[in-house]
Amino acid sequence: MKRFLIAALAATTLGSAITAVTAQAADDIRPRMIRFGYGLNEDSNQGRAAKLLAEEIKKASDGKLKVRTFGSASLGSDDQMQNALMGGAQEMMVGSTATLVGVAEEMAVWDTPFLFESEKQADYVLDGPVGQKVMDALEEKGLVGLAYWENGFRNLTNNVRPVEKMEDFDGIKLRVMPNPVFIDTFKQMGANAVPLPFSELFTALETKAVDGQENPYNTILSSKFYEVQKYLSVTNHVYSPWIVTASKRWWDGLSKTEQEIIRKAAETARDAEREDTRAEAREALAKIKEHGMEVNKVSPEEIQRMREQAKPAIQTVIDTVGEPLFNEVQAAIEKAPK
Ligand code: KDG
């Protein structure tokens, strides 16, 4: 009997302590409106994950932290939003790591052609120490990196010809992300690389200002590129992460409780987004074909030729991020599960 009473007393004390902490935590959360911007449309994998993040933050803060999501680049292109966060004019966003290279050059390591061979490798490296180190480089520039989401392995579309061998790139005006490594990579392949923000891409394809582009299957579907593109050539030439970031100026004004809620929600949404993106990608090729695109898979021999040809672009990455960081990423890849 005595043991039960002691246990009951301890539980009551513990219970009231938890209540007190929870109450304290609740006091630590102020009513806030958070603007979360992204570039794809709300029906995309990026849009679905943004909605989930908003729900998770609202739930964990008992509705005090409200997130308004703004899709289709309605708050601006990735680099415009990144500048808005650094200036404190917007609170949060998700966008490409590739457009952050001008902010923190370490981000260029993720643009290395053929860096990852699988999503498992990517998850292991991005969510590990070296992924965190690259993310931390954003802080002194006014951004807080919260989680890497999956954009995915990138493939080529164009209206000129199927790309079956490297020479087929010749003369193709290929839109690339505004990023030195992407420009270098496709110049090396023989394409005419044209850097453009994502928000201008569909119109550029529709008006034939460019012949082609490269993006994961999910984006080709959700952005309806099949309406303005004829050929899809499967290369998986680079794995692109997205990154969820917050304005450091805003972030530093949050309580630890609020920061923990937001960080945890970004990680919860990350895990769900990766699952959702991979499930959608598995079905994507069939759907892209149904929409009339002609699909070809580039042979391993030709992929090897492209790898060789891309080596100067890899040197651009090493020159940009430094050999130590590049080697640290390579070492993490070696340790990653296949
Ligand atoms: O906002 C959309 C971009 O974050 C993303 O999709 C980047 O892959 C990208 C591209 O091609 O610009």
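Residues numbered from 1 in each chain as written. Predicted model: local features only at pLDDT ≥ 70, side-chain atom pairs only at ≥ 80, totals over all residues. Heavy atoms only, no water.

- The chain carries the name Tripartite ATP-independent transporter solute receptor, DctP family in an unreviewed UniProt entry, which gives Stutzerimonas xanthomarina DSM 18231 as its organism.

### Let's talk about the overall build of the chain
Line of reasoning, step 1. Assigned secondary structure in the chain consists of 13 helices and 11 strands.
Line of reasoning, step 2. Expressed along its principal axes, the backbone C-alpha trace of the chain runs to roughly 80 × 40 × 40 Å.
Line of reasoning, step 3. Counting over 338 residues, the chain shows a buried share of 54%.
Line of reasoning, step 4. Within the chain, residue pairs in contact and separated by at least 24 positions form 75% of the contacts whose partners lie at least 6 positions apart. (Helix = DSSP H or I, 4+ residues; strand = E, 2+ residues; numbered from the N terminus. Buried < 20%, exposed > 50% of the residue type's maximum accessible area, 1.4 Å probe, protein only. Contact = heavy atoms within 4.5 Å.)

### Observations concerning the pattern of salt bridges
Line of reasoning, step 1. Summed over the entire model, instances satisfying the criterion amount to 19 salt bridges.
Line of reasoning, step 2. Taken together, the shared-partner salt bridges connect Asp123, Asp127, Glu150, Arg270, Asp271, Arg274 and Arg278 into one network. (Salt bridge = Lys/Arg side-chain N within 4 Å of Asp/Glu carboxyl O.)

### Some points on the site of the ligand
Line of reasoning, step 1. Lining the immediate surroundings of the ligand are 13 residues, of which Asp78, Asn151, Arg154, Arg175 and Asn215 lie closest.
Line of reasoning, step 2. A distance of 3.3 Å separates an oxygen atom of the ligand from a polar backbone atom of Gly39.
Line of reasoning, step 3. Between an oxygen atom of the ligand and a main-chain N or O atom of Ser96, the distance comes to 3.4 Å.
Line of reasoning, step 4. Protein burial of the ligand: of its 330 Å² of free accessible surface, 98% is covered by the chains.
Line of reasoning, step 5. In terms of residue class, the shell around the ligand is made up of four nonpolar, six polar and three charged. (Near = heavy atom within 4 Å. Polar contact = N/O pair within 3.5 Å; in protein donor to acceptor, adjacent residues only side chain to side chain. Areas by Shrake-Rupley, 256 points an atom, 1.4 Å probe, with all protein chains shown as cover. Nonpolar A, V, L, I, M, F, W, Y, C, P; charged D, E, K, R; others polar.)

### Digging into the UniProt feature "coiled-coil region" (unreviewed entry) in the chain
Line of reasoning, step 1. The UniProt feature table records "coiled-coil region" (unreviewed entry) at residues 255-282.
Line of reasoning, step 2. Annotated as 96% helix and 0% strand, the span residues 255-282 places its first and last C-alpha atoms 41 Å apart. (UniProt positions renumbered as here; feature names shortened; annotations may be inferred.)

### Regarding the packing of aromatic side chains
Line of reasoning, step 1. A full pass over the atoms with the stated rule returns eight aromatic pairs.
Line of reasoning, step 2. Between Phe116 and Tyr239 the ring centres are 5.8 Å apart and the planes differ by 85°, which places this aromatic pair in the edge-to-face class. With Phe116 in the loop between strand E3 (92-96) and helix H4 (119-126) and Tyr239 in strand E10 (residues 239-247), this pair connects stretches of sequence that are 123 residues apart. The pair Phe116 / Tyr239 is uniform in exposure class, with both members buried.
Line of reasoning, step 3. By the ring-pair criterion, three or more aromatic residues cluster together here, those being Trp110, Phe116, Tyr148, Phe153 and Tyr239. (Phe/Tyr/Trp six-rings, centres within 6.5 Å; stacked < 30°, edge-to-face > 60°.)

### Here we look at the pairing of strand E9 (residues 231-234)
Line of reasoning, step 1. Judged by which residues are buried, E9 turns out to be covered on both faces: Tyr231 and Ser233 on one side and Leu232 and Val234 on the other are all buried.
Line of reasoning, step 2. Across three bridges, the pairing between strand E5 (residues 155-158) and E9 is antiparallel. Its bridge partner being in E9, Thr157 is matched across the sheet by Leu232.
Line of reasoning, step 3. Relative to strand E11 (residues 294-297), E9 runs parallel, the two being bridged by four bridges. The residue bridging Ser233 from the neighbouring strand is Asn296, located in E11. (Pairing = 2+ DSSP bridges.)

### What about the environment of Thr320?
Line of reasoning, step 1. Tracing the chain through its elements places Thr320 in helix H12 (residues 311-321).
Line of reasoning, step 2. When the C-alpha positions of Thr320 and Ile243 are compared, they lie 20 Å apart, and in sequence the two are 77 residues distant.
Line of reasoning, step 3. Excluding anything up to four places from it in sequence, Thr320 contacts Glu105 and Ala108.
Line of reasoning, step 4. Within the structure, the side chain of Thr320 is placed 2.6 Å from the backbone oxygen of Thr316, a separation counted as a polar contact.

### As for the environment of Gln80
Line of reasoning, step 1. Looking at the element boundaries, Gln80 is found in helix H3 (residues 78-87).
Line of reasoning, step 2. Look at Gln80 and you get partly exposed, because its relative accessible area is 48%.
Line of reasoning, step 3. Placed 117 residues apart in sequence, Gln80 and Pro197 show a C-alpha to C-alpha distance of 9.8 Å.

### Brief notes about helix H13 (residues 323-335)
Line of reasoning, step 1. In this model H13 runs 18 Å from its N-terminal to its C-terminal C-alpha over 13 residues, within 8% of the 18 Å that 1.5 Å per residue would give.
Line of reasoning, step 2. Looking only at H13, the buried set comprises Leu325, Phe326, Val329, Ala332 and Ile333. Each buried residue of H13 lies within a common arc of 120° when the element is viewed along its axis, so the set occupies one face. Among the exposed residues of H13, those pointing more than 90 degrees away from its buried face are Glu323, Pro324, Glu334 and Lys335.
Line of reasoning, step 3. In this structure, the buried residues of H13 make contact with H4, helix H5 (129-136) and H12. (Expected span 1.5 Å × (residues − 1). Arc of directions from axis to C-beta.)

### Let's talk about the packing of helix H2 (residues 45-60) against helix H10 (residues 256-290)
Line of reasoning, step 1. H10 packs onto H2 with a crossing angle of 150° between their chain directions and a minimal axis gap of 8 Å. When the interaxial angle is binned, H2 and H10 end up roughly antiparallel. Between H2 and H10 lies a crossing whose hand is right-handed. Residues Asn45, Arg48, Ala49, Leu52, Leu53, Glu56, Ile57 and Ala60 of H2 touch H10, and the partners they reach there are Ile261, Ile262, Ala265, Ala266, Thr268, Ala269, Ala272, Glu273, Asp276, Thr277 and Glu280.
Line of reasoning, step 2. For the contact of H2 with H10, the residue count by class is 11 nonpolar, three polar and five charged. (Axes fitted to C-alpha atoms, helices over the stretch in contact; angles between N-to-C directions. Parallel < 35°, antiparallel > 145°, perpendicular 65-115°, else oblique. Left-handed = near helix turned anticlockwise from the far one by under 90°.)

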